[in-house]
Structures are given as structure tokens and as C-alpha cells.
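# What the coordinates show
So you can see what is in the structure, the chains are spelled out below.
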Amino acid sequence: MRFCPLGDGLWEVGNDVGNINEDRPAKLSCRNVWKIYGEDPAQFFSGGNGKVDDPEAHAQAIRDSGHIVASANVSFDVGEGEIFVIMGLSGSGKSTMVRCLSRLVEPTAGEVLLDGDDLLRKSAAELIEIRRHKMGMVFQSFGLLPHLNVIENIAFPLKLQGVPVAERKERAEKVIALVGLEGREDSYPRQLSGGQQQRVGIARSLAVEPDLWFLDEPFSALDPLIRRQMQDEFLRIQEMLHKSIVFITHDFLEALRIADRMMIMRDGLVVQMGTPAELIVNPADDYVAEFTSDVPITRVLTAGDVVDRARKPTARMPRVEQDCTVEALLGQLASNASGVAVTGADGEPIGIATAQGVIAALAAEPARSGDAT
Ligand SMILES: Nc1ncnc2c1ncn2[C@@H]1O[C@H](COP(=O)(O)OP(=O)(O)OP(=O)(O)O)[C@@H](O)[C@H]1O
Ligand SMILES: [Mg+2]
């Protein structure tokens with residue numbers, strides 16, 4: 001078993017649970033989840049809890065038998081109000097994993113706990129209720145119904161719930177405003193741009209007011225400018241609604257913008273889990289490093305990383321917060337040669353950041369210093 005140091009603790013790669021912040025209780029927990037496709041997947045697990053001594057060797061043995069290992073021993077927690085991102089190459093098991101969370105795909109082994117309750121033990125009827133009331137899903141392909149207009153598409157899940165017409169309309173209008181589609185209520189999907197269609201998809205998934213929000217590459221069909229706008233919209237909505245979110249993306253810069261924590265998958269297994277910054281600064285292996293390689297280090301390092309705590313700021317120095325990125329800090333330093341004051345969590349100065357300090361920090365990252373410009 002390999003170990004990879006992250007943050008201030010040791011993490012057991014592929015077999016441990018992604019511990020979450022103590023002050024953020026787990027909304028959803030995945031424990032040793034496996035999804036095997038093929039003739040007889042159940043033969044590889046006794047008892048069904050998915051715990052095995054050596055997950056990598058077990059996955060390989062299953063592959064050698066001619067089965068497909070789509071998810072292998074995946075464990076993680078998603079906290080209340082947390083945005084948890086899953087990344088990995090095509091075929092690494094991301095969509096399978098997110099579908100296992102709602103049992104749209106039935107896991108072969110393992111546990112999925114929603115508020116501590118095992119989803120895998122729910123009856124089909126209970127599961128439908130949970131999906132309809134507690135889960136929202138957004139897919140890359142938008143998945144809109146072509147013969148329904150915007151408001152009908154958005155209200156559709158409410159219709160399935162048996163919500164009365166007037167309330168359906170009221171709730172649909174509320175989410176239409178939330179995603180900025182006012183005035184387009186009567187348009188049909190074919191009359192909308194890709195970005196607008198995805199807004200309908202997002203509104204539809206939010207209409208049921210879900211606790212859990214699953215988004216499978218929701219913005220990857222959109223061009224970069226619209227994509228960035230949609231990310232901003234998404235963050236604005238999350239700021240208001242505080243959903244517990246699992247978000248799949250191929251784009252590390254997207255993950256960097258939105259993720260509280262993230263997980264990288266390969267061949268169904270979890271390779272690494274942590275904050276985007278932890279993965280960038282301390283990738284577990286070359287596979288993870290490859291994902292993070294085009295992220296400029298100036299977007300990762302913060303004023304807190306480059307602060308000189310031994311020096312006291314003067315009263316006239318401008319102030320920046322310690323989690324301000326070096327990218328944002330550089331502009332301030334250009335017009336303040338003697339440096340800027342860096343403030344801590346309590347708003348009090350903790351030292352000075354200078355251009356010299358930034359250069360020293362960038363020089364300490366030789367592999368990435370070329371990205372810094
Ligand atoms: N119904 C199925 N039957 C057999 N194999 C499947 C099935 N669904 C998925 N797989 C396999 O499981 C593996 C994981 O697929 P999955 O769709 O989860 O990948 P992904 O990481 O979401 O990829 P992408 O980035 O391309 O969307 C792949 O090898 C895929 O071929
Ligand atoms: Mg997928």
C-alpha cells in the first residue's frame with residue numbers, strides 16, 4: 001500500500017476515507033464502493049461491504065478474469081455545503097461513481113450513506129422518493145425534453161412529484177430567476193444556445209430543492225467564455241443555497257475555481273484526495289502531476305505563503321488578506337515597492353509581503369516557475 005502525505009496528515013491512498021473538516025458533518029459518505037461489469041460480478045465479494053486487503057491487486061484479479069472494473073474501493077465523504085470535485089481521464093470511473101451515489105447504477109459492493117442511512121438497503125419505492133426529493137442531477141448532454149418549453153422542462157420533476165400546477169409554476173419561476181432565464185419561459189430547447197440549455201438543466205435540477213446536487217461535466221460542452229460565466233453563476237447559486245455537491249470535470253482550472261476538495265481517479269481507483277492546492281503542491285504521482293501541470297503557481301500560492309512575519313507593516317501600507325492569491329498580489333506589489341501588509345483570519349496584520357518574497361517563493365518551485373509568467 002502506498003501512502004501520500006497531504007496537508008498535515010498521512011493519507012492511505014486508495015483505501016482510506018477522505019476525512020472532512022470536523023466542523024462540516026458528512027452529508028454523503030461512500031465506503032469501499034465497487035462497480036464491476038461482466039458475467040458474475042458478485043463472485044468477487046463476500047458479505048458485500050467491499051472491504052478487501054489489497055484493493056489494487058483485487059481490482060487487477062477481477063480485470064484478469066475478463067470483468068470490467070468501473071469503480072474500485074472508492075471511499076469519500078461529502079460535507080454539508082461542500083463542493084466535492086471528481087477528476088480523472090476518460091473511462092476512469094467518474095460517471096459510474098456519481099451514478100452509484102443515486103443508485104442509477106447499482107454498486108456491486110460497498111456502502112453509500114446519506115445522512116448516515118445506507119442507501120443500498122432502501123427499497124425501490126423509497127429510493128425513488130429520495131431521488132425525487134433529495135437529489136438533483138445535471139448531465140453534460142443537458143437531457144432536456146424537446147417537446148416541452150423552458151418552464152415545462154423545469155417544472156417536469158415537480159409534476160412527477162405530484163405538486164399542484166400553481167405551485168409548480170411558482171417554483172419553476174423562482175429557479176428561472178435564479179439562473180437568469182427570465183423572458184425565455186416559452187422557448188423550446190432547439191431555440192436556445194448551449195449555455196441557455198444548460199441553465200434550463202441546472203434550473204430543472206434545482207426545482208425540487210435537493211439537498212444533494214450531482215453535476216456530471218455540466219459545462220464541458222460550452223465554449224471557454226460561457227463556461228467561465230456558468231462557473232460564476234454556479235458559485236453564486238451555491239453561495240445562496242449551500243447544497244452538498246459532487247461535481248465532475250475534466251478541467252483542473254475549473255476544479256481550482258470551484259472545489260472545496262477533490263479526488264483524482266484512475267482505472268476505477270482513487271489516486272489522491274485533497275484540496276486543489278494540496279494536489280498541485282504535493283501530487284501523489286505523475287498521473288496527478290499531469291492534471292495539475294498547466295495550473296499557474298501564482299494562482300495557487302497565497303499572500304500567506306509568501307509573507308515575511310518578521311517584518312512589521314507601516315500604517316500606510318495597503319492591506320491584503322492572507323488567502324489572496326499571488327496573482328492578485330502582484331498588481332499591488334507593482335505599485336507598492338516597500339510591500340503590502342498581510343492580514344490574518346482575525347483581520348490583524350501578520351507581516352509584510354514583498355516582491356522579493358514572491359520571487360523567492362517562485363524560485364523554490366523550480367518545476368513550475370516557468371508557469372508563473
Ligand atoms: N454499462 C456498462 N457496461 C460495461 N462497461 C461499462 C458500462 N458503463 C461503463 N462501463 C465502463 O466502465 C468504465 C468507467 O466508465 P465511466 O463512464 O464511469 O467513465 P468516466 O470516467 O465517466 O469517463 P468519461 O470522462 O469519458 O465520461 C469504462 O471502462 C466504461 O467502458
Ligand atoms: Mg463520464
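It should be emphasised that the depicted structure is a prediction, and the values quoted were computed from it without experimental measurement.

Listed in full, the buried residues belonging to helix α4 (residues 150-161) are Val150, Ile151, Asn153, Ile154, Ala155, Pro157 and Leu158. On the buried face of α4, the contacting elements are α3 (124-134), α5 (165-178) and α6 (194-207). A positive phi of about 85° marks glycine 162, the residue just after α4.

A few words now on the environment of threonine 354. With respect to the secondary-structure elements, threonine 354 resides in the loop between β15 (349-353) and α13 (355-363). What makes threonine 354 partly exposed here is the crowd of 19 C-beta atoms within 10 Å. Between the C-alpha atoms of threonine 354 and aspartate 308, which are 46 residues apart in sequence, the distance is 8.0 Å. Those residues in contact with threonine 354, other than ones at most four positions away along the chain, are Asp308, Leu333 and Gly339.

With that out of the way, let us pick up the packing of α5 against α6. Relative orientation of the contacting elements α5 and α6 amounts to 135°, with a least axis distance of 9 Å. In this view, α5 runs oblique relative to α6, as classed from their interaxial angle. Crossing handedness for the pair α5 and α6: right-handed. Contact with α5, carried on its side by Arg171, Ala172, Val175, Ile176 and Leu178, involves Ala203, Leu206 and Ala207 of α6 and no other residues of that element. Class assignment for the residues of the contact of α5 with α6 results in seven nonpolar, no polar and one charged.

What follows is about unusual backbone geometry. The phi dihedral of asparagine 32 falls on the positive side, at around 50°, and the residue is not glycine. Structurally, the position occupied by asparagine 32 is in strand β3 (residues 26-37). Residues other than glycine seldom take positive phi values, yet asparagine 73 does so here, at roughly 55°. Topologically, asparagine 73 is positioned in strand β4 (residues 68-79).

To continue, consider helix α2 (residues 94-102). In terms of burial, α2 is largely enclosed, as seven of its nine residues are buried. Those residues of α2 not exposed but buried are Lys94, Thr96, Met97, Val98, Cys100, Leu101 and Ser102. Downstream of α2 by a residue or two, arginine 103 has a phi angle that is positive, lying close to 60°.

Reading the values: the criteria
Residues numbered from 1 in each chain as written. Chains lettered and ligands numbered in written order. Predicted model: local features only at pLDDT ≥ 70, side-chain atom pairs only at ≥ 80, totals over all residues. Buried ≥ 20, exposed ≤ 12 C-beta atoms within 10 Å, placed from the backbone. Helix = DSSP H or I, 4+ residues; strand = E, 2+ residues; numbered from the N terminus. Contact = placed C-beta atoms within 7 Å. Axes fitted to C-alpha atoms, helices over the stretch in contact; angles between N-to-C directions. Parallel < 35°, antiparallel > 145°, perpendicular 65-115°, else oblique. Left-handed = near helix turned anticlockwise from the far one by under 90°. Nonpolar A, V, L, I, M, F, W, Y, C, P; charged D, E, K, R; others polar.

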